[in-house]
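Per-entry structural report
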Amino acid sequence: MNLFRRLDPRSKIFYVGVVSTAAVVFDSLVYLSILLVVSFAVLYLCGGSGIGTLYRLRKILYLLVGIAIVQSIFTSEGTPIITIGSIRILTDYGVFRGLQFLIRLSVIIVSSSILLTSTNRDLTQGLLQLKIPYEIVFMLLIAGKFLPLLRDEFNNKVIAMELSGVDFKKIGFKKKLTAYKYLLLPVTVNSLLKSKEMAISMEVRGFRAMDRRSSYRELKFEKIDLAFIISSMIFITGLFIIR
Amino acid sequence: MDDKFISLESVSFSYKKGKMVFKDFSLSLDRNSISIILGENGSGKTTLTKLIMGILSPQKGEIFIEGKSNQGVSLGEMGKSIGYLFQNPDHQIFGSSVMEQLTWSSSLVSNDNENYHEKAKYLLKEFGIENIKDTYPFYLSMGEKRILAIASVMMRDVKYLIFDEPTSSLDSNREEVLVNMLLNLKQRGIGALVITHDYDFSKRIGQRIIHLEDGRIEDELI
């Protein structure tokens, strides 16, 4: 189990690419389910928590389930399961399409979560060693760190707004919209001001002062990485052959 | 009428994966007096105000506002009776001009348009920020933002005030205005709990000075 925790971020990026591509290509619910089970297993072995990931994404999951239900309802092909008069409300093909959408997206989300088991620093270094331009890697790194800050700021703003006597449950719809306007404006402006400050701070620390940036710490590809990549390849190719 | 406005009874609180901030902590604050809380960073001052306001919930014990538990009271309801000043003034700035900042919440919760505009004009003058009334608040200095946040809290007719470090980055003139305003409000029966590191400021306004250390009252001057 410890071996998986030592995986190079580049191996994980490769795995995510392969599994996500397979999830898009496969149509069969059986193969998509196999991919989902394997994704959960690999995430667990790498030290992540599949349940924790799903819990964190619970609000999005409600949306996904909602979309899957809507997709099921609006697909008219197949054998009707529920009908009202001559109108087909739900068909077996609709249910299949809804489930397909749900499992496919779950595979992509769960397999991508393996990247979160690496530290930001390792992930950045991995992308750099994959020859991705430093500016782009740094943007990704900042985005990863910036989003939780943005969420905290938004939460603080909502609390401050409520403590100003604005009770969201008691004000009317029109006033609620106005309140959201007051909420979004400062969050947007603060984000822009923060990014400006960060840009200045990076400039004064010599970001892009040289054409090439070297790193004190370099990632090394080990045997476990090679074994992981080959196993992933064999697994996905095997599924492609037998499907 | 009971003099106690806020009382904390055997409150225990710790942050997730953090050490215990308060353990069996009890404190009562009178409605028409100014209480000061002094203490080092991390002693639990801001946490205490957040517990009172209901932003955080204690794991044990209860907090009463005017004799009623604050559990289940919405932040909106709480904000109507207690004016709260955040440590970071940016949190409570919403308007796109200084004037709008003073009037936005009243425009949402009050129908008395003329009255709150008059009050806003009075506060602009009182705090010496009339000249910047059309300025975008995000371009103000930290001191100006803080005074604007204080003025915004003063806009509402609250029964009690909780100010978290109101004097940091304020110049002496504005600090003087704040002192006079707090003392004036006290005369009208509106008390306050003020968290500060400024001992001189505490001595000028506080009837009760509480020194907090590691979540317990280390010393108290009345």
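This text follows the structure it describes.
Here the structure is a predicted model, which is why all the values come from computation and not from measurement.

1. With respect to the pattern of salt bridges
Under the criterion given, the structure shown has 19 salt bridges over all chains. With its nearest N and O atoms 2.8 Å apart, the salt bridge here joins A:Asp8 to A:Arg10. Overall, A:Asp8 belongs to the buried group, its relative accessible area being 3%. You can call A:Arg10 buried: its relative accessible area is 15%. Note that A:Lys170 is salt-bridged to B:Glu77, the shortest N-O span being 2.8 Å. With A:Lys170 in the loop between α8 (134–163) and α9 (173–204) and B:Glu77 in helix α2 (residues 75–81), this residue pair bridges two chains. The class of A:Lys170 is exposed, set by a relative accessible area of 57%. Because the salt bridges share partners, they merge into one network encompassing A:Lys170, B:Glu77 and B:Lys80.

2. Observations regarding a nonpolar patch on the surface
On the surface, A:Val65, A:Ile69, A:Val70, A:Ile73 and A:Phe74 cluster together into a nonpolar patch covering about 470 Å² of accessible area. With respect to the helices, strands and loops of the structure, A:Val70 is situated in helix α5 (residues 58–74).

3. Considerations on the interface of chain A and chain B
Interface size is commonly expressed as the accessible surface area that is lost when the partners come together. The interface of chain A with chain B comprises 24 residues on the first partner and 28 residues on the second. Note on chain A versus chain B: buried area summed over both sides is about 2300 Å², and carbon and sulfur give 66% of it. Our count for the chain A to chain B interface comes out at 1 salt bridge. The interface formed by chain A and chain B contains 10 residue pairs in polar contact (both at pLDDT 80 or more). Counting only elements with at least two residues in the side of chain A that touches chain B, the list comes to α8 and α9 of chain A.

The rules behind the values
- Sequence positions are assigned chain by chain, starting from 1 and proceeding in written order.
- Starting at A for chains and at 1 for ligands, labels are handed out in the order in which the entities are written.
- With pLDDT at 70 or above as the cut-off, local features in this predicted model cover only qualifying residues; side-chain atom pairs require 80 or more to be listed or tallied, and sums for whole chains, interfaces and linings still use all residues.
- Calculated side-chain values reflect all of the structure's heavy atoms, with hydrogen atoms and water omitted.
- Definition used for salt bridges: Asp or Glu carboxyl oxygen within 4 Å of a side-chain nitrogen of Lys or Arg.
- Think of it in three bands: residues with accessible area under 20% of the maximum for their type are buried, residues over 50% are exposed, and the middle band is partly exposed, with areas taken using a 1.4 Å probe on protein chains only.
- The way it works is that DSSP assigns letters per residue, a run of H or I at least four long becomes a helix, a run of E at least two long becomes a strand, and they are numbered from the N terminus.
- Residues forming no salt bridge and having over 30% relative accessible area are the ones grouped into patches, like charges within 9 Å of each other and nonpolar side chains (Val, Leu, Ile, Met, Phe, Trp, Tyr) within 5 Å.
- All accessible-area figures derive from a Shrake-Rupley calculation using a 1.4 Å probe, and residue coverage is judged against the displayed protein chains alone.
- Between two residues, a contact is recorded if the distance between any of their heavy atoms is within 4.5 Å.
- By convention, the term buried area covers the 1.4 Å-probe accessible surface removed from two parts as they join, with the contributions of both added.
- As used in this structure description, the phrase polar contact means that two N or O atoms lie within 3.5 Å; if the pair is within protein, one of them must be able to donate a hydrogen and the other to accept it, and residues adjacent in sequence are counted only when both atoms belong to side chains.

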